[in-house]
Amino acid sequence: MIKSLESEILSFLREPVEERFESLALEIFDFQRRENLVYAKYCDFLGTPDRLDSWKRVPALPQIAFKRSEIRSFPRPQMLTEFRTSGTTGEGHGKHFFPSLRLYEASVQQGWDYFNLPRHRFILLMQHPDDAPFSSLSRMGGFLANFQRDRFVIARDGRFETGRLREELLDPGEALTLFGTALAFLNLIEEIPSLRVNLPPGSMVMETGGPKGSGRNIDQRDLYEQLSLRFGIGTDSIWNEYGMTELSSQFYSRDVRSSHRSPPWMRFQIVDPVTNQESGIGEVGLLRIFDLANLWSVLAVLTQDLAVAQPDGGFLLLGRDSDALPRGCSRAMDELLQSARSR
Amino acid sequence: MLRDKRIAAIASAAAAFSWLGDWTPENLSRWIELELGLLLNGPEPQRYGTHHCLTIPLSPILHIVSGNTPHAALQSLLRGLIVGAVNWIKLPSGGLPELNTFVDRLPKEIRPAMATRLLPGWLEGAEAVVVFGSDAAAEEFAGKILPTQKFLAHGHKISLGLIWSRCHEQLAEGIAKDVFPFDQLGCLSPQFFYVAGDSAEFARQLSQLLPEQPRPGRAAKDLGIAAALRAFREEWRFRAATEEGVFLWESPGNLDWAVVHDPDPGLVANPLHSTIFIKPMPLDTALLLSPIRRLISTIGLHPVNRESVNLGVRSGAQRLCPIGQMQNPPLTWHHDGWPALASLVRYVDVEGLET
């Protein structure tokens, strides 16, 4: 049963059939409610009926659930891989468990191809998965670059391998794809202030994650202009990958302030934070994501990111308002708890 | 302006702000006498033990106020006015409309100068600098103060309640009065309540009584705050579903209020905006509160008796009061543990004066 559901999702990823999304989503919901004890409790608590008539009614777990509980739809002994969130907020790591990475890999590869992203030479501003076994981003890079160690330019100790990176960037040969977190790109610019290259035509930059955890306040336009200047490419050759440890698939956008689009096995809703009801196009709300490839945890995840649904079917990502809370005297408690955690 | 005339003008201006308390000329005079005796009466030295003494206001006073509650800003200005100082106010970037209204009601000659940025000469020229805000803000200004200037920092504080009772209508009303004003963002706003006995049942009762309690008008929550509150509620909904003893009650269809019962008495961050944490009374309350001891402002008590007061004092409270009165400190309270007026004057001792 599990194998056949996994196979069905894999086949959907290979050849998506729009009409099949709904039934597959509901099958996954049934499976997860049956096999995932934490999720079952949550659905029971919400009074979710056993049978749902739409994927839109599938209860979404808040991201924080991955920090507080083991969100598994399979028995623990079958666990093969564990990805962890960065834990930058000092509240510990969110964990995502997998008995198999077949779906994860298929989603990475098929998603990349769905957006016609090039398969040329990768330079990955991240650690090799052997050096960062809990990083879903490193694993994604591994899948894309066939785990070739020389494609990864951040060493085990977290430092840039600048010599090798320079050689790669100055190689006038074929086009390349530079892929890393926005923070890694900012660090690179700081590490090599003189960095100015003209990447071969057709090259692209894929950034992800935003500058979170960096203590820097840089907006996307400034970042893209910096990257454009440093690598000699237009901002329309810069993409953003929006994903998270708690998911198995990714959204992509191209150029500054453009919509994020999903592959056919993902959906999203924008939820009004006040009413908790779905918002219309053009209205800001919290992003709720449905990912068919997330078979081994939960189909639906409520993020803490704000976004606006666009008429083109995508969403404009606004991100988290980190200054929103705490304010006033609540900051005292927050600062105290942060400091206690960091000790 | 002469003292009595000044006090009458301050009382008249303050009369329009009922939430400030009972600022009559008589009450103000009593307050002055309580803190300064006859020493603020004028230039004439007064008998003080074996010698004489008089006080001179530290002047000008620079008040650097924050935006989360107008209450503290107004009180700071009022204290400066009472001692007879010239007052300068650095306002938050969004301004403070309540302060403007108050200032418009003052006679011109005692009105403070106000700006949303520090004007040239203010920081160096002030005899006293009063800062409201984060530790970081206080630290920043402290580094710029000369040893000859007086520096008074009111950092962020935490308030809480201690309750030995079941929940009833009057108590729920008191909790609402303490929590709801200023979107719960003030230093006197309780962030959590420890309840002896069945704390979960107390929280359930409170959640039923809370919707009936009046709430002061509030500005619409901005989207970032709404998103953070929603994220908080979804976290605690998940915890309520999966953890023993956790309960969440909330205003239906909006973010107006929430009551969370957390069976763990440990300290947690509260997003405020009418979010009430009810927790079981710890076995050793003072010990559990020790990490925030230096940050505690007010502890609301129910009932107020020797035992509860002793526990509050041992826990580090700077002020203890009945539940329902947390937002209404008396005129004569020692904000953050200091004498409010006596901190704003310089004492001049005179010996050998023949009387």
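Residues numbered from 1 in each chain as written. Chains lettered and ligands numbered in written order. Predicted model: local features only at pLDDT ≥ 70, side-chain atom pairs only at ≥ 80, totals over all residues. Heavy atoms only, no water.

Student: Any details on the overall build of chain A? Residues and values, ideally.
Tutor: The secondary structure content of chain A amounts to 10 helices and 13 strands. Classification of the 343 residues of chain A by burial places 56% in the buried group. Considering only contacts within chain A whose residues lie at least 6 apart along the sequence, 62% involve residues at least 24 apart. Surface summary for chain A: the accessible area is close to 14,900 Å², and the carbon and sulfur share equals 47%. (Helix = DSSP H or I, 4+ residues; strand = E, 2+ residues; numbered from the N terminus. Buried < 20%, exposed > 50% of the residue type's maximum accessible area, 1.4 Å probe, protein only. Contact = heavy atoms within 4.5 Å. Areas by Shrake-Rupley, 256 points an atom, 1.4 Å probe, with all protein chains shown as cover.)

Student: Residue-level account of the interface of chain B and chain A, with values.
Tutor: Contacts between the two partners involve 41 residues from chain B and, on the opposite side, 34 residues from chain A. Taken together, the two surfaces of chain B and chain A that pack against each other cover about 3,200 Å², and 73% of this comes from carbon and sulfur. Taken together, the links from chain B to chain A amount to 1 salt bridge. The residue Glu243 of chain B makes a salt bridge to Arg68 of chain A at a minimum N-O spacing of 3.1 Å. Along the contact surface separating chain B from chain A lie 4 residue pairs in polar contact (both at pLDDT 80 or more). For the side of chain B that touches chain A, the elements supplying multiple residues, two or more each, are strand E9 (190–195) and helix H9 (223–242) of chain B. Considering each element in turn, the side of chain B that touches chain A owes the most residues, 17 residues, to H9 of chain B. Looking at the side of chain B that touches chain A residue by residue, the class counts come to 23 nonpolar, 10 polar and 8 charged. (Buried area = accessible area lost by both parts, 1.4 Å probe. Salt bridge = Lys/Arg side-chain N within 4 Å of Asp/Glu carboxyl O. Polar contact = N/O pair within 3.5 Å; in protein donor to acceptor, adjacent residues only side chain to side chain. Nonpolar A, V, L, I, M, F, W, Y, C, P; charged D, E, K, R; others polar.)

Student: Give a description of helix H3 (residues 37–46) of chain A that names residues and reports values.
Tutor: Buried residues of H3 of chain A: Val38, Tyr39, Ala40, Tyr42 and Cys43 of chain A, and no others. Turning to H3 of chain A, the residues buried within the fold contact helix H2 (20–35) and strand E1 (61–62) of chain A together with H9 of chain B. Downstream of H3 of chain A by a residue or two, Gly47 of chain A has a phi angle that is positive, lying close to 75 degrees.

Student: If you had to explain the side chain of Asn27 of chain B to someone new, which residues and values would you point to?
Tutor: All names here are of chain B. By the secondary structure assignment, Asn27 is in helix H2 (residues 25–36). Looking at Asn27, the relative accessible area reads 18%, which means it is buried. There is a polar contact of 2.8 Å between the side chain of Asn27 and the backbone oxygen of Asp22. Here Asn27 is in contact with Asp22 and Leu331, once residues within four sequence places are set aside.

Student: Talk me through H2 of chain B; I want residue IDs and the actual numbers.
Tutor: Taking 1.5 Å of rise per residue, the 12 residues of H2 of chain B would be expected to cover 16 Å, and the 16 Å separating its terminal C-alpha atoms lies within 8% of that figure. Among the structural elements, helix H1 (3–14), strand E2 (51–57), helix H3 (70–83) and strand E15 (345–350) of chain B are those in contact with the buried residues of H2 of chain B. (Expected span 1.5 Å × (residues − 1).)

Student: I'd love a proper account of the packing of helix H5 (residues 102–114) of chain A against helix H6 (residues 136–144) of chain A, names of residues and values included.
Tutor: All names here are of chain A. Running from N to C, H5 and H6 point in directions that differ by 65 degrees, and their axes come no closer than 10 Å. For the pair H5 and H6, the crossing hand works out as right-handed. Of H6, the residues touching H5 (which contributes Tyr104, Glu105, Val108, Gln109 and Trp112) are Ser136, Met140, Phe143 and Leu144. (Axes fitted to C-alpha atoms, helices over the stretch in contact; angles between N-to-C directions. Left-handed = near helix turned anticlockwise from the far one by under 90°.)

Student: Outline the environment of Val197 of chain A, supporting the account with residue identities and numerical values.
Tutor: Residues and elements named next belong to chain A. With respect to the helices, strands and loops of the structure, Val197 is situated in the loop between helix H8 (182–191) and strand E7 (204–208). Residue class for Val197 comes out buried when judged on its relative accessible area of 9%. Sequence separation between Val197 and Glu246 is 49 residues, and the spatial gap between their C-alpha atoms is 36 Å.

Student: Describe the domain arrangement of chain B, with residues and values.
Tutor: Residue and element names in this part refer to chain B. Domain boundaries in chain B define domain 1 (3–156 + 333–350) and domain 2 (158–317). For domain 1 versus domain 2, the separation of C-alpha centres amounts to 32 Å. Facing 8 residues of domain 1, the contacting portion of domain 2 comprises 7 residues. Contact between domain 1 and domain 2 buries roughly 630 Å² in total, counting both sides, with carbon and sulfur atoms accounting for 67%. The residue Asp135 makes a salt bridge to Arg294 at a minimum N-O spacing of 3.9 Å. Across the contact surface, domain 1 and domain 2 share 0 residue pairs in polar contact (both at pLDDT 80 or more). (Domains from an automatic or database assignment.)

Student: Report on the pairing of strand E12 (residues 300–309) of chain A, specifying residues and quantitative values.
Tutor: Residues and elements named next belong to chain A. Extensive coverage of E12 is indicated by the burial of 9 of its 10 residues. Both E1 and E12 contribute to a ladder of 2 bridges, which runs parallel. Directly across from Pro62, in E12, lies its bridge partner Leu302. As defined by bridge partners, strand E11 (residues 284–291) adjoins E12 across 6 bridges and the pair is classed as antiparallel. From the neighbouring strand, Arg288 faces E12, where its bridge partner is Leu302. With 4 bridges joining them, E12 and strand E13 (residues 315–319) adopt antiparallel strand pairing. The residue bridging Ala307 from the neighbouring strand is Leu317, located in E13. Remark: 5 residues form the turn of the hairpin made by E12 and E13, two consecutive strands paired antiparallel; Gly313 in that turn has positive phi of roughly 95 degrees. (Pairing = 2+ DSSP bridges.)

Student: Describe the environment of Phe132 of chain B, listing the residues and the values that go with them.
Tutor: All names here are of chain B. With respect to the helices and strands, Phe132 occurs in strand E6 (residues 128–132). With a relative accessible area of 9%, Phe132 lands in the buried category. A sequence separation of 21 residues divides Phe132 from Ala153, and the C-alpha atoms of the two residues are 6.2 Å apart. In contact with Phe132, not counting residues within four places along its chain, are Ile64, Val65, Ser66, Ala72, Ser76, His154 and His335.

Student: An account of the packing of aromatic side chains is requested, with residue identities and associated values reported.
Tutor: Geometry of an aromatic ring pair is reported as the spacing of the ring centres plus the angle between the planes. Residues and elements named next belong to chain A. In this structure the tally under the stated criterion is 30 aromatic pairs over all chains. Centroid distance Trp55 to Phe290: 4.9 Å. Interplanar angle 80 degrees. Geometry classified as edge-to-face. Of this pair, Trp55 sits in the loop between H3 and E1 while Phe290 sits in strand E11; the two residues are 235 residues apart in sequence, bridging distant segments of the chain. Judged by its relative accessible area of 0%, Phe290 falls in the buried class. Measuring from ring centre to ring centre gives 5.4 Å for Phe143 and Phe147, while their planes differ by 85 degrees; the resulting arrangement is edge-to-face. Owing to a relative accessible area of 11%, Phe143 belongs among the buried residues under this scheme. (Phe/Tyr/Trp six-rings, centres within 6.5 Å; stacked < 30°, edge-to-face > 60°.)

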